[in-house]
Amino acid sequence: MGTAVSIELADDRPAGELRAMVADVCDWLHEVDERFSTYRESSEVNRFQRRELGLADLSGDMRHVLDACGDLWRATDGYFDAYACGPLDPSGYVKGWSVEVASARLAAAGSTRHYINAGGDIRARGGPWQVGIRHPWQADRLSWVLDVTDAAVATSGSYERGAHVRNPRTGRPAAGLRSVTVVGPDLALADAYATAGLAMGEAGLAWLAGLAAEGYESAAVTDDGRAFTSSRLPAAV
Amino acid sequence: MRRSTAAAVGTLTGAALIAGVRLSVSVPEQPPAAPPAVDLAGSGAAASAEPTPSKSAKSAKENKENNENPDAERTEEAPPDSGLQDGTYRGAGAKNPYGTIQVSIKVTGGKIVAADATYPTANNSAIINPPAIAQLKQATLRAQSADVDAVSGATFTSDAYVRSLQAALDQAGG
């Protein structure tokens, strides 16, 4: 299994500079994979899980990830749970966070207009960018198009890998929502909120609506095809 | 404006390394080279017949069912800007827990002008709420006519990536 990462740089810069920026992002994502993958025996996550590393031995990045997972567990009423499947698995936060960092590195290198799409979760800088949301039943269609500038768009759905998101309260596969998209300033949070909303099922609709107060808009489709959007979703059409 | 697009199929938290990086710097105004055939039907369904909203998405499997515009044939070589060829298309049946929904659309002048869906009528499909699906259908109809830069969706695997609209966008090189 793997995740595809698409990087688009729309800066008017020499090709060599753009290539160097892309290479830097790829290096960083490889580094994240080495350090945080639960599939790698030698990763920091697995060494911490095996108690080969104590809290005092952890890198700053790892501490940040653990802190953020704890914060999200509280913010989502326990529905975002890095321990949902037993052993520590912070992947649900690491993916979005690593792309946030990658986008910040591009910005630091001078890029003002780019996006990174990691497995359907997008961090856009500059803009406006037109971001389509995949139709929850048909892979080649869109259900909405968003107009985003300096924003993240994350989508969680039960359609791609089956019911892989579990309701941590019941241990059973999440049911009720087919697709949840969250738009906001930070991709790691948007991604976690989308996953938590999906795990909550239809009760997640009200919870998602409440996120608007924090600057996170949302769109959701129920298992029976009802479509919902928060009032300030930046829909383009 | 220069654009640089890289599509790297790999992993952040999985087992596989990034397998390849494609980098291209191209003039956006140039028509994209014909992309390699990509099955955009999704779910590995055999009978793909969907035009797609992407200018790059010239699926190799388009089956014109009701070609009302004689110009449509010529667009094989010179597609309109939207990449949508005139005609009526029937989508691959999309399975969901309640049955199979099949969407057909009508394209005129490169724009989607009508969409319709057939709903399962057997078994427990009565719990589907057609008016509710119609809401999604309306949003979908509006969305198809837009030109997008990127696509958000739950595409976890590299297999899913290959079938995704984002992959088609990447192949167009911006």
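Use the structure listed above.
Summarised in this report is the structure supplied together with it. Everything quoted here is computed from the prediction, not taken from an experiment. All chains use their own residue numbering, which begins from 1 and follows the written sequence. By the order in which they are written, chains take letters starting at A while ligands take numbers starting at 1. Given that the model is predicted, a residue must reach a pLDDT of at least 70 before its local features are reported, and side-chain atom pairs must reach 80 or more before they are shown or counted; all residues, however, enter totals for whole chains, interfaces and linings.

Thoughts on the overall build of chain A
Helix and strand counts for chain A stand at six helices and nine strands. Our exposure labels follow a C-beta count within 10 Å of each residue's own C-beta, placed from the backbone: buried means 20 or more other C-beta atoms, exposed means 12 or fewer, and partly exposed covers the counts in between. With 237 residues in all, chain A has 52% of them scored as buried. In this description, a residue-residue contact is defined by the distance between C-beta atoms placed from the backbone, which must lie within 7 Å. For chain A, long-range pairs separated by at least 24 residues make up 56% of all intrachain contacts whose partners lie at least 6 apart in sequence. In DSSP terms, a helix is any run of H or I states spanning at least four residues, a strand is any run of E spanning at least two, and both are numbered starting from the N terminus.

With respect to the overall build of chain B
Scanning chain B from N- to C-terminus turns up four helices and seven strands. What you see in chain B, going N to C, is helices and strands ordered as β-β-α-β-β-β-β-α-β-α-α. Within chain B, the fraction of its 174 residues that count as buried is 43%. Pairs at least 24 residues apart make up 44% of the contacts formed inside chain B by residues separated by at least 6 positions.

A word on the packing of helix α3 (residues 60-75) of chain A against helix α4 (residues 91-108) of chain A
Residues and elements named next belong to chain A. Fitting a line to C-alpha atoms yields each axis, with helices limited to the stretch in contact; the angle taken between N-to-C directions then spans 0 to 180 degrees. One can describe the packing of α3 onto α4 by two numbers: an axis separation of 10 Å at closest approach and a directional angle of 115°. For the pair α3 and α4, the crossing hand works out as right-handed. Touching Val-65, Ala-68, Cys-69 and Leu-72 of α3 are Tyr-93, Val-94 and Trp-97, all from α4. In the scheme used here, Gly and all other residues not listed as nonpolar or charged are polar, with Ala, Val, Leu, Ile, Met, Phe, Trp, Tyr, Cys and Pro taken as nonpolar and Asp, Glu, Lys and Arg as charged. In the contact of α3 with α4, the residues fall into seven nonpolar, no polar and no charged. The hand of a helix crossing depends on one turn: near helix anticlockwise from the far one by less than a right angle means left-handed, and clockwise means right-handed.

Comments concerning the nonpolar core
Under the definition applied here, buried Ala, Val, Leu, Ile, Met, Phe, Trp, Tyr and Cys residues are grouped into a nonpolar core through C-beta atoms within 7 Å. Counting 78 residues, the largest nonpolar core has Tyr-93, Val-131, Val-153, Ala-190 and Tyr-193 of chain A as the members making the most contacts within it. When residues in this core are grouped by element, the largest group, eleven residues, is from helix α5 (residues 187-200) of chain A. Beyond its immediate chain neighbours, meaning those up to four positions away, Val-153 of chain A contacts Ile-122, Val-131, Leu-146, Val-148, Thr-181, Val-183 and Ala-190 of chain A together with Ser-152 of chain B.

Focus on the sheet that holds strand β7 (residues 150-152) of chain B
With respect to topology, three strands assemble into an open sheet ordered β5(A)-β4(A)-β7(B), the strand pairing being mixed. Edge positions in the sheet fall to β5 (142-148) of chain A together with β7 of chain B, since each of these pairs with one other strand and no more. In this sheet, adjacent strand axes meet at a mean angle of 30° when their direction is disregarded. Note: two strands are recorded as paired if DSSP finds a minimum of 2 bridges between them.

Focus: the environment of Arg-166 of chain A
All names here are of chain A. By the secondary structure assignment, Arg-166 is in the loop between β6 (151-157) and β7 (177-184). On the basis of neighbour counts, which here come to 16 C-beta atoms within 10 Å, the residue Arg-166 falls in the partly exposed class. Along the primary structure Arg-166 and Ala-84 are separated by 82 residues, whereas in three dimensions their C-alpha atoms are 7.7 Å apart. Excluding residues within four positions of it along the chain, Arg-166 makes contact with Ala-84, Gly-171, Arg-172, Pro-173, Ala-174 and Ala-199.

Brief notes about the pairing of strand β8 (residues 217-222) of chain A
All names here are of chain A. Counting buried positions along β8 gives five out of six residues, so the element sits mostly inside the fold. In this structure, β7 lies alongside β8, joined through six bridges in antiparallel fashion. Note on β8: the bridge partner recorded for Val-183 is Glu-217. Taken together, the three bridges between β8 and strand β9 (residues 227-229) define a ladder with antiparallel strand orientation. For Ala-220, the partnering residue across the bridge sits in β9 and is Phe-228. Between β8 and β9, which pair antiparallel in sequence order, lie four residues; one of them, Gly-225, sits at a positive phi of approximately 90°.

Examining the environment of Ser-103 of chain A
Residues and elements named next belong to chain A. Mapped onto the fold, Ser-103 is located in helix α4. Using a count of 23 C-beta atoms within 10 Å as the deciding quantity, one classes Ser-103 as buried. The spacing of Ser-103 and Ala-124 is 21 residues in sequence and 7.9 Å in space, taken between C-alpha atoms. The contact partners of Ser-103, leaving out residues within four places of it in the chain, are Ile-116, Arg-123 and Arg-125.

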